[in-house]
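Coordinate analysis (summary)
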Amino acid sequence: MPIVSRVFGLADANNFYASCERVFQPELRGKPTVVLSNNDGCVIARSPEAKALGIGMGDPFYKLRERPECRGVQVRSANFTLYGDMSRRVMDIIAANVPDIEIYSIDECFIDYTGVDQTADHARTLRNTIHQWTGLHVSIGLGATKTLSKVSNRQAKTASEGVFDMLAPNTRESVLRETDVSDIWGIGRQWSNRLKLHGITTAYDLALVDRQWVRKVMGVTGLRTVDELNGFAAVELEHDVPDKQTLCVSRSFGTTVRDRAGLASRLHHFAAR
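Residues numbered from 1 in each chain as written. Predicted model: local features only at pLDDT ≥ 70, side-chain atom pairs only at ≥ 80, totals over all residues. Heavy atoms only, no water.

Bringing helix α7 (residues 171–178) into the picture now. Residues of α7 that are buried: T171, V175 and L176. Along the axis of α7, the buried positions cluster into a sector of 120°, meaning they face one direction only. On the buried face of α7, the contacting elements are α6 (146–156), β8 (163–165), α9 (203–207) and α10 (211–229). (Buried < 20%, exposed > 50% of the residue type's maximum accessible area, 1.4 Å probe, protein only. Helix = DSSP H or I, 4+ residues; strand = E, 2+ residues; numbered from the N terminus. Arc of directions from axis to C-beta. Contact = heavy atoms within 4.5 Å.)

In structure tokens, the structure reads:
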């Protein structure tokens, strides 16, 4: 029985929270825009124009107000009800047009494109449909595995049509050579630093590492990543979301706290919340 070549896609809504705000507030288009966290403490989303000003994820809002170049930045409080509804619309459109999907986050989903003809053309049509029906732009990366589709999606964000196809001949190797090992799905900062000590600096380097060494050092999870980088699908779509193992309630200070009494007062308040 012949082996069926797998094809995966990763669809990612660009600058999702800020883009949702722009759909319903067209006056924000073309202007640097940021969305703030629950208590308006820090930046959790940025438009491309805001990124160009050097505004980073997690930047405290009170510090932005002190920067001259940020005086014209448009600021919006987070509206998670809106973002959840827009996410549902995007996921419903994708699910209705492909064989199967895995919702990975509020603005990302993996697509199983196996068996679909002219995959890149289909992805471009799907992207246009999403924009026409919701006003949102998505980037779609295509690859032979979920890990490669993640890598491909990084390329799709700067592609003219918003779609990048790593299934094309000779594309995988050239892209992996340009991809820092820290940008691989599942390779965090700690593993990235350890790998670089061994001279493994790019995704291509990791793909060529001896499998026995990877299993010994990184375990089964690392071995799956290496297999996926080499085009062998080792991670399937997941449909059952595992229960969360941790819970976080975070808050940030609206102003700089410089004395112990002020800090203690705020900590008591946050702990009570």
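Moving on: the side chain of D12. As for its position among the elements, D12 is in strand β1 (residues 8–13). What makes D12 buried here is its relative accessible area of 9%.

Moving on: the confidence of the model for the chain. Low-confidence regions, as indicated by low pLDDT, have predicted coordinates that should not be scrutinised in detail. Taken over all residues, the pLDDT of the chain has a mean of 91, while the share at 70 or more is 96%. Of all the helices and strands in the chain, helix α11 (residues 260–272) carries the lowest mean pLDDT, 84, while β1 carries the highest, 98. (pLDDT = per-residue confidence, 0-100.)

Another aspect to go through is unusual backbone geometry. If you check the backbone angles, N15 has positive phi at about 45° while not being a glycine. On the accessibility criterion, N15 (22% relative accessible area) is partly exposed.

Let us look at α6. Burial analysis of α6 places 9 of its 11 residues in the buried class, the great majority of the element. Those residues of α6 lying buried are K146, T147, L148, S149, K150, V151, S152, N153 and A156.

Another point: the sheet that holds strand β4 (residues 74–77). Judged by pairing direction, the sheet is mixed, and its 3 strands sit side by side in the order β3-β2-β4 without closing on themselves. For this open sheet the edge positions go to β3 (43–46) and β4, each flanked by a neighbour on one side alone. Between one strand and the next, the sheet's axes are offset by a mean angle of 30°, whatever the strand orientation. Where strand β2 (residues 33–36) and β3 come together, 3 bridges link them in antiparallel fashion. Of the residues in β3, the one forming a bridge with V35 is A45. (Pairing = 2+ DSSP bridges. Axes fitted to C-alpha atoms, helices over the stretch in contact; angles between N-to-C directions.)

Let's shift gears to the pairing of strand β7 (residues 138–143). Counting buried residues in β7 gives 6 out of 6 residues, a clear majority hidden from the surface. Neither face of β7 is open: one carries V138, I140 and L142, the other S139, G141 and G143, and all of them are buried. Both β1 and β7 contribute to a ladder of 6 bridges, which runs antiparallel. Its bridge partner being in β7, G9 is matched across the sheet by L142. Across 3 bridges, the pairing between β7 and β8 is parallel. Residue pairing in the sheet places I140 in a bridge with V163 of β8. A crossover connection joins β7 to the parallel β8 through α6; in handedness this β-α-β unit is left-handed. (Right-handed = clockwise from strand over helix to strand, strands pointing away.)

Here we come to the packing of aromatic side chains. Evaluation of the coordinates by the stated rule reveals 7 aromatic pairs. On the numbers, 5.7 Å between centres and 80° between planes, the contact of Y17 with F80 is edge-to-face. Note that Y17 is positioned in helix α1 (residues 16–24) and F80 in helix α4 (residues 80–95), a separation of 63 residues in sequence. Looking at F80, the relative accessible area reads 38%, which means it is partly exposed. Seen in terms of ring centroids, Y17 and Y83 are 4.4 Å apart; in terms of plane orientation they differ by 10°. Their pairing is stacked. In this pair, Y17 sits in helix α1 while Y83 sits in helix α4, placing the two residues 66 residues apart along the sequence. Accessibility classification places Y17 together with Y83 in one group, the buried group. Three or more aromatic residues joined by ring pairs make a cluster, and in this case those are F16, Y17, F80 and Y83. Of note, K146 hangs over the ring of F110, and the distance from its end group to the ring centre comes to 4.6 Å. (Phe/Tyr/Trp six-rings, centres within 6.5 Å; stacked < 30°, edge-to-face > 60°. Lys NZ or Arg CZ within 6 Å of the ring centre and 35° of its normal.)

Okay, the pattern of salt bridges next. All chains considered together, the criterion is met by 16 salt bridges. Taking the shortest distance from any N to any O, the salt bridge between K150 and E108 comes out at 2.9 Å. Here K150, found in helix α6, pairs with E108, found in strand β6 (residues 108–112); they are 42 residues apart in sequence, far enough to count as distant. Comparing K150 with E108 shows no difference in burial state: the two are buried. (Salt bridge = Lys/Arg side-chain N within 4 Å of Asp/Glu carboxyl O.)

Judged by nonpolar contacts, the single largest core of 29 residues is most densely connected at F16, I94, I111, Y113, L126 and I140. Residue assignment for this core shows that the elements contributing at least two residues are β1, α1, α4, β6, α5 (119–134) and β7. Considering each element in turn, this core owes the most residues, 7 residues, to α4. (Core = buried A, V, L, I, M, F, W, Y, C linked by side-chain atoms within 4.5 Å.)

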